[in-house]
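Residue-level structure breakdown
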Amino acid sequence: AYPIPDSSPLLQFGGQVRQRYLYTDDDQDTEAHLEIREDGTVVGAAHRSPESLLELKALKPGVIQILGVKASRFLCQQPDGALYGSPHFDPEACSFRELLLEDGYNVYQSEAHGLPLRLPQKDSPNQDATSWGPVRFLPMPGLLHEPQDQAGFLPPEPPDVGSSDPLSMVEPLQGRSPSYAS
Amino acid sequence: MKTGCAAGSPGNEWIFFSSDERNTRSRKTMSNRALQRSAVLSAFVLLRAVTGFSGDGKAIWDKKQYVSPVNPSQLFLYDTFPKNFSWGVGTGAFQVEGSWKTDGRGPSIWDRYVYSHLRGVNGTDRSTDSYIFLEKDLLALDFLGVSFYQFSISWPRLFPNGTVAAVNAQGLRYYRALLDSLVLRNIEPIVTLYHWDLPLTLQEEYGGWKNATMIDLFNDYATYCFQTFGDRVKYWITIHNPYLVAWHGFGTGMHAPGEKGNLTAVYTVGHNLIKAHSKVWHNYDKNFRPHQKGWLSITLGSHWIEPNRTDNMEDVINCQHSMSSVLGWFANPIHGDGDYPEFMKTGAMIPEFSEAEKEEVRGTADFFAFSFGPNNFRPSNTVVKMGQNVSLNLRQVLNWIKLEYDDPQILISENGWFTDSYIKTEDTTAIYMMKNFLNQVLQAIKFDEIRVFGYTAWTLLDGFEWQDAYTTRRGLFYVDFNSEQKERKPKSSAHYYKQIIQDNGFPLKESTPDMKGRFPCDFSWGVTESVLKPEFTVSSPQFTDPHLYVWNVTGNRLLYRVEGVRLKTRPSQCTDYVSIKKRVEMLAKMKVTHYQFALDWTSILPTGNLSKVNRQVLRYYRCVVSEGLKLGVFPMVTLYHPTHSHLGLPLPLLSSGGWLNMNTAKAFQDYAELCFRELGDLVKLWITINEPNRLSDMYNRTSNDTYRAAHNLMIAHAQVWHLYDRQYRPVQHGAVSLSLHCDWAEPANPFVDSHWKAAERFLQFEIAWFADPLFKTGDYPSVMKEYIASKNQRGLSSSVLPRFTAKESRLVKGTVDFYALNHFTTRFVIHKQLNTNRSVADRDVQFLQDITRLSSPSRLAVTPWGVRKLLAWIRRNYRDRDIYITANGIDDLALEDDQIRKYYLEKYVQEALKAYLIDKVKIKGYYAFKLTEEKSKPRFGFFTSDFRAKSSVQFYSKLISSSGLPAENRSPACGQPAEDTDCTICSFLVEKKPLIFFGCCFISTLAVLLSITVFHHQKRRKFQKARNLQNIPLKKGHSRVFS
C-alpha cells in the first residue's frame, strides 16, 4: 500500500490557509474589496484586483493572520483602528479574531485591542455610521486564474440604481460610426 | 352606535342606494369577474393544498444552456396580454393625501419622521392633496382607463389614536366617497390596509411593530375596514412591503420610526408583521369571505440578483441567500412551508415559529402580490447583495417566484421607476423603463407560463417619496406641489400606459409583413472593407533571385551560393502577395459579386503631391482589383476613408491644416487623377470620400472648424467628380459618388412634439447637410441654416455656416452619379437644448438607447424597419435615384456562430427588399459590412482577424445565391439553368468516374498505336521511292558518248 500524500503526522500542525477576497457593502455607497497595496496602504476597491487577493491563515482557533498575496504584506491595525500593510508580522498588531455572523458575513477584530476591522472612511458625512455596528466582510473564494468570459456572451452591466436612468439609456454624445472604428 | 344607525334615516337611504348600484355593476361585469374568481379560486385551492414548498428557486441560476439573444424568447415580444388581464395603478395614502392636520386626522410615525429626519424638506406644507381634490384623481383614473385602482387607507385618518374606539367621521366619509366613485366608474378597488403610516400613539404607547400587541390592534382595524367597506372591496392587501417596514424602519433608520442598528428589533418587527397579516387573513377567511367573497394577500417586495459567474456554485448559492433574506423572509412563512428560510434560521436573532404558528401562517395569501421598484434597490449599500450583482430583470424574479413557491397566481402590486424632481410631463426614460418591465412580464406570461393576472403601475400621482421626500417623482401624472390647484397633468408615461391598456399589450403594428422576393439579376451583392493596407513588396523573393544555392555542403547546414550560375527569373505575379491570396479566398467563399475597399492615400503619395509616387503600392491595388475580376468580383473603390485612429491624409497635408486648408482639395484632385489613370480601366464604381458627414469627430475644436472642413470636403469631391466627368468618363464609363453615414432617426418620446421635430432636424444636420448641396440645390439645407441662425439670435450658438459662392454652388450641384449610404442603426432622438461650441450641439439632440431592443456589444440597436424608412425619406427628398447601400452590418462578439449578425442581415435585407418591391426604391446594390476585423476592435467582420470564417459567411452567401429571400417553389433564379447544367455535368462526372478514367486510358493507348502505324507507313513509302529510282533506264545518247 502506498502512503497518502502528506500523511505524515508532523504536517498536522501546518495550519489552514485560505485564499479569499474580503468583500463588504457596509457604510459605503459602493461595494468594496479590501486591498493591500505594495506601499502598505489599505483601501477599499470597487472591483477585485490582484492586490485584493488575500491569504487568511489560522494562527490558533478563531484567530487568523491576513496576508496580501500580491504585496506580500500583512494586514495590521494601529491602536486607533487605522489599517496598514506591514512586510513583517507583528502578533500584537496583525492578529485578528474572526467572528462568524449568522448571515454568512464575518467580523474581524483586532485580537489585542478588540477594534473591528473597518475600511477607511472617505469623508463620510454620516457620522452615525460608527455606531451602526461592526463592519461585515464576506470572504469570497479567490481563484488563481479567472475563467475567461464565454465568447459572444457578456453578463449585463449592473444597473445604476441610484439614477432615474439605471440602464444608461440616454447617451450624451452621438455614437461613433462603425466605419470609423477600424 | 346601534342607536345612531337606527335613528339616522340618511344612513338607510345610503344603504339602499349602494346596494342597488352594486347590483348594477355586478351584472355588467359578471362574466369577467366570474373568470377572475374562477382563476383566483383555483390558485387559492392550489395554495392551500400544498403541504410543502418546492423551494427550487436556485435552479434559475443553474441554467447551463446559453440562450441566444436572437432567440424569440429573448427578443421584444409583440403580443397581447391575456384577455382578462387586469391593468391598474396605485398610490399610498401618506404619499398623496396631504391634509395631515385637518379633518380630525391623527399624526402618524411618518409625520414625526418627516419633522425629525427630513427637516430640510418642508413636508408639512406641500402635498398632492388627494384628500381635497378627489375629483381630479378620478379624472386621472378615467384618463388611463384602468380596471383597478390600488390605494391605501390611512390608519390615523380613520382612527386618530390607532385603536378602534371612535372612528373619525370625516375620514370615513372620504374613503366612502372614494370607493363609491370607483364603483360608479367600474374600477375595481384594491385596498391596502397598512402602507407605513402607523398612528403615532401606537408607536409611543406600545413601541409600534416591535410589540406583539400590534397584532390584535391591527386585526381590530382590519375588522372595521372589512365591516365598513367589504361590500365594495373584493381585493385586500394587508401590508405593503413589510420588508421595508422592518429593514428601513428599524435597521437602517431610513424609514419611520427611524430606529437603527438593532437586528433583533428588525426580526421581531418582521415576525409581528407576519403574524398580524396571518391573523387578519384568518379573520377574513372565517368571518367575511363567506358573504363578501373577496381575496386577500400581502404585498412583498424585493430586488433581483445575478451571480458574478453563472458557472460558480458558490455565487449561485449567494444569490439564493440574497433572495431568501429579502423576499423569502416573508414569502416562505406565508407562501411556503410556514417557516423562515433555512438560511435565515442559522442566525440566533431570528424568532422561531412554533408548529402551531407555522400551521397558522402557512398559506395565508390568496395570491402572490409582488412589488418590484426602486425602494428595494436604493440606496445601493442597503441591499443584501452577498457580493453579487443586482439586476432589474423582472422576468427572472417572476420565474424565481414560480419555482420557489409552486407557481402561484401573481399580482404585480407595484412596479416602475422614478424620475428626477425637475422633470415635468416629459418623462421619456420612464416610458422605456415601463416598456422594458411590461414586456418582461409579457414574456414571463407567454414563454415561461408565469401566472400573472394583474399589473399595477406605480404610481398614479407625483407625491411624497418616503426617504426621498420630494426629490424624486414616480407619478404618471405631474403635480406642481407649490401650486394652489394641484392640477394633475398626464406625463408621457401616462399617455404610454393608456395606450398599452387600450391595446392590452404590444400588438405588432408593422405596416408590411415579411415577404418573399428577389432582387434583380444585375443586383450588386457586395462586402465592404475599410482601408486596405497595401503590401509594399511581393512575398515570394525566390522568383526574383537569379542565384543558385546549395545546402549543407560542408555539414554546417547553411546555404551556399554557387558562383557563376544565373537562373532565369520571372516577374512577380499578383498571387505572390499573400494578403491578396487570402482576400481572394475570402471573397470566393462569400460568393459576392462586388468588393468595396478604400485606398490608402498616405501609402500611394507619401508627400501628398505627385513628386513621389509609390508604384509598388499602386501595383498592389491593381492586383487586388484584377484578381477579384478574375473571380467575377467587381470592385468599388473608395479614394479617401478616414478613421478615428488615422485621418488618412499624407503627413505634409495633415501638418498644414488638413481639410481646413484648401490646398488639400487640390492635392486630392491630383491624387484622384492618378488613381483614375492607373486603375480606372478596371474600376467602374468610385467613392471619393467615405462618410464625410462624420469627419466632425476629427475637426471638433469649434463648430466653425467642422463646418469649414465639411465645406472644403464637398468642394474637393465636386472637383474630382468634374475631373472624372470631363476626362475619364468618356473612356472608362464609370460612376462617381461619395458615401454618407445615414442612420435613421425616430422620436424617443412620440408623445412630445419637440422630439418629432428633433428627429427630422437630426436627419437634416446628419444627411441633408451634404446631400442637399450635392444632390439638389448646391446650398445647405434651409432648415439647417435657419436653425443655426435662430440659435445665434438667442445667443445659444456662435456657429457660422460657410456660404457657397455662386461659382461654388454651380461646382458642387449635381456631382453624384448614385446615392451611396452607410446605414447601421436607427437613433431615438431627444430634443435637448445644447450650447457648447461643437457642431453636434447645434442640432440640439440627445440620443436614447431603447433597452428593449436587441442591440450589439457596442450598443447598436437592431432596428431593421429604419432602413426602409430611410430609403423612403431619401426617395422623397432626392427624387428617384440609383441607391447603393455601401455599408450595413453589426458587431457580434461570437467567434464562430455570430447569430446577431445573421439575424441582422436577414432582417435588413428583408426591409431593403420591401423598399425595392413595394416602395419602388431603386436599390442597385447591398454591401455587407465588413469582410474582416482587427484584434481588439469591435467585431464587425465576417472573418476573424486570423481569417477564419464565421457562420454568417455561409448565411450571406446563401442569401446571394438566392438573390434575396425567394419562395421555395419559385422559378429558377439568375443563371440557374447554367448552374443546373454545371451540376448535371458534375454529377455525371462523379458518377462515371471509373468509366471516364479507363476510357481515357483506352483512347490514349489507341492514339499511341495509331501514331506508330503512321510513322511506319511513312518509312515504307520512302523505301519504295528509292527503288523506283533504280529502275529508270539510261538513254542511248548517253551510251554512245561513254563508249
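Residues numbered from 1 in each chain as written. Chains lettered and ligands numbered in written order. Predicted model: local features only at pLDDT ≥ 70, side-chain atom pairs only at ≥ 80, totals over all residues. Heavy atoms only, no water.

1. Considerations on the pairing of strand β2 (residues 148-152) of chain B
All names here are of chain B. Formally: When a residue's accessible area, from a 1.4 Å probe over protein chains only, is under 20% of the maximum for its type it is buried; when over 50% it is exposed; and in between it is partly exposed. The way it works is that DSSP assigns letters per residue, a run of H or I at least four long becomes a helix, a run of E at least two long becomes a strand, and they are numbered from the N terminus. By the convention used here, strands pair only if DSSP detects at least 2 bridges between them.
By the criterion of burial, β2 is predominantly enclosed, with five of the five residues buried. Across three bridges, the pairing between strand β1 (residues 86-90) and β2 is parallel. Counterpart to glycine 88 in the pairing with β2 is phenylalanine 148. In the sheet, β2 pairs with strand β3 (residues 188-194) via five bridges, with the strands oriented parallel. Looking across to β3, one finds that serine 152 is bridged to threonine 192.

2. Quick look at the packing of aromatic side chains
Residue and element names in this part refer to chain B. Applicable threshold: Classification of ring pairs rests on two measures: the distance between centres of Phe, Tyr or Trp rings, Trp counted by its six-membered ring, which must be within 6.5 Å, and the angle between planes, read as stacked under 30 degrees, edge-to-face over 60 and tilted in between. Charge-over-ring placement is defined geometrically: NZ (Lys) or CZ (Arg) within 6 Å of the ring centre, and within 35 degrees of the ring normal.
Tallied over the entire structure, the rule returns 90 aromatic pairs over all chains. Plain terms: the ring middles of phenylalanine 929 and phenylalanine 940 are 5.5 Å apart, the flat faces sit at 70° to each other, and that makes the pair edge-to-face. With phenylalanine 929 in strand β28 (residues 923-929) and phenylalanine 940 in the loop between β28 and α32 (951-961), this pair connects stretches of sequence that are 11 residues apart. Taken together, the aromatic side chains of Phe368, Phe370, Phe372, Phe377, Trp400, Tyr405, Trp417, Phe418 and Phe437 make up a single cluster linked through ring pairs. The ring of phenylalanine 942 is capped by arginine 901, whose NZ or CZ atom sits 5.8 Å from the centre of that ring.

3. Quick word on the sheet that holds strand β11 (residues 452-458) of chain B
Residues and elements named next belong to chain B. Put simply, the test is: To define axes, lines are fitted to C-alpha atoms, for helices over the stretch in contact only, and angles between the resulting N-to-C directions are given on a 0 to 180 degree scale.
Ordered in space as β1-β2-β3-β4-β5-β7-β9-β11, the eight strands form a closed barrel in which the pairing is parallel. Mean inter-strand twist for the sheet, computed between neighbouring axes without regard to direction, equals 25°. Sheet analysis places strand β4 (residues 235-240) next to strand β5 (residues 295-301), joined by four bridges and oriented parallel. Within the sheet, the bridge partner assigned to histidine 240 lies in β5 and is threonine 299.

4. What about the packing of helix α31 (residues 899-917) of chain B against α32 of chain B?
All names here are of chain B. Note the following rule: Note that the term roughly parallel is reserved for angles under 35 degrees, roughly antiparallel for angles over 145, roughly perpendicular for angles of 65 to 115, and oblique for everything else. A crossing counts as left-handed when the near helix is turned anticlockwise from the far one by less than a right angle, and as right-handed when that turn is clockwise. Contacts are residue-level and defined by heavy atoms, with any inter-residue pair within 4.5 Å sufficient. For this classification, Asp, Glu, Lys and Arg are treated as charged, while Ala, Val, Leu, Ile, Met, Phe, Trp, Tyr, Cys and Pro are nonpolar and the rest, including Gly, are polar.
Across the interface, α31 lies against α32 with an axial gap of 9 Å and an inter-helix angle of 20°. On the basis of the axis angle, α31 is roughly parallel to α32. Crossing of α31 over α32 shows right-handed handedness. Each of Arg901, Lys902, Leu905, Glu906 and Val909 in α31 lies in contact with α32, whose residues at this interface are Ser951, Ser952, Phe955, Tyr956 and Leu959. In terms of residue class, the contact of α31 with α32 is made up of five nonpolar, two polar and three charged.

5. Considerations on the pattern of salt bridges
In plain terms, the rule: Each salt bridge in this description consists of a side-chain nitrogen of Lys or Arg and a carboxyl oxygen of Asp or Glu lying within 4 Å of one another.
Applying the stated criterion across every chain yields a total of 52 salt bridges over all chains. Between arginine 37 of chain A and glutamate 35 of chain A there is a salt bridge, with its nearest N and O atoms 3.0 Å apart. For aspartate 850 of chain B, the salt bridge identified is with arginine 853 of chain B, shortest N-O distance 2.9 Å. As far as burial versus exposure is concerned, aspartate 850 of chain B and arginine 853 of chain B are alike and both buried.

6. As for the side chain of histidine 594 of chain B
Residues and elements named next belong to chain B. Applied cut-off: Contacts described as polar in this section are N or O atom pairs within 3.5 Å, which, within protein, must combine one atom able to donate a hydrogen with one able to accept it, while residues neighboring in sequence count only if both atoms come from side chains.
Relative to the assigned elements, histidine 594 resides in strand β19 (residues 594-598). A polar side-chain atom of histidine 594 sits 3.5 Å from a polar atom in the side chain of serine 524. Separated by 2.9 Å, the side chains of histidine 594 and threonine 593 make a polar contact. Every residue in contact with histidine 594, bar those within four places of it in the chain, is listed here: Ser524, Trp525, Gly526, Val527, Val633, Phe634, Leu685 and Tyr927.

7. Side note on the UniProt feature "transmembrane region" in chain B
Our working rule: UniProt positions are given in the numbering used here, feature names are shortened, and annotations may be inferred rather than shown by experiment.
The sites that carry the UniProt feature "transmembrane region" are, in the present numbering, residues 995-1015 of chain B. End C-alpha to end C-alpha, residues 995-1015 of chain B measures 30 Å, and it is 100% helix and 0% strand.

8. Focus: helix α22 (residues 615-630) of chain B
Residues and elements named next belong to chain B. Short version of the rule: How far a helix is expected to stretch is found by multiplying one less than its residue total by 1.5 Å.
End to end, α22 covers 22 Å across 16 residues, agreeing with the expected 22 Å (1.5 Å per residue, within 8%). Listing the buried residues of α22 in full gives Val617, Leu618, Tyr620, Tyr621, Cys623, Val624, Val625, Glu627 and Gly628. Capping the start of α22, asparagine 614 holds a side-chain oxygen 3.2 Å from the backbone nitrogen of valine 617, two or three residues further along. Glycine 632 sits one or two residues past α22 and shows a positive phi near 85°.

9. Focus: the UniProt feature "glycosylation site" in chain B
Residue and element names in this part refer to chain B. Taken from the UniProt record, the annotation "glycosylation site" applies to Asn84, Asn122, Asn161, Asn211, Asn262, Asn308, Asn389, Asn552, Asn609, Asn700, Asn704 and Asn837. The residue asparagine 609 is located in the loop between α21 (601-604) and α22 in this model. Within polar-contact distance, the side chain of asparagine 609 engages the side chain of threonine 607 at 2.8 Å. With respect to the secondary-structure elements, asparagine 704 resides in helix α25 (residues 703-732). Sequence-distant contacts of asparagine 704, that is, excluding residues within four places in its chain, are made with Ser798, Ser799 and Val800.

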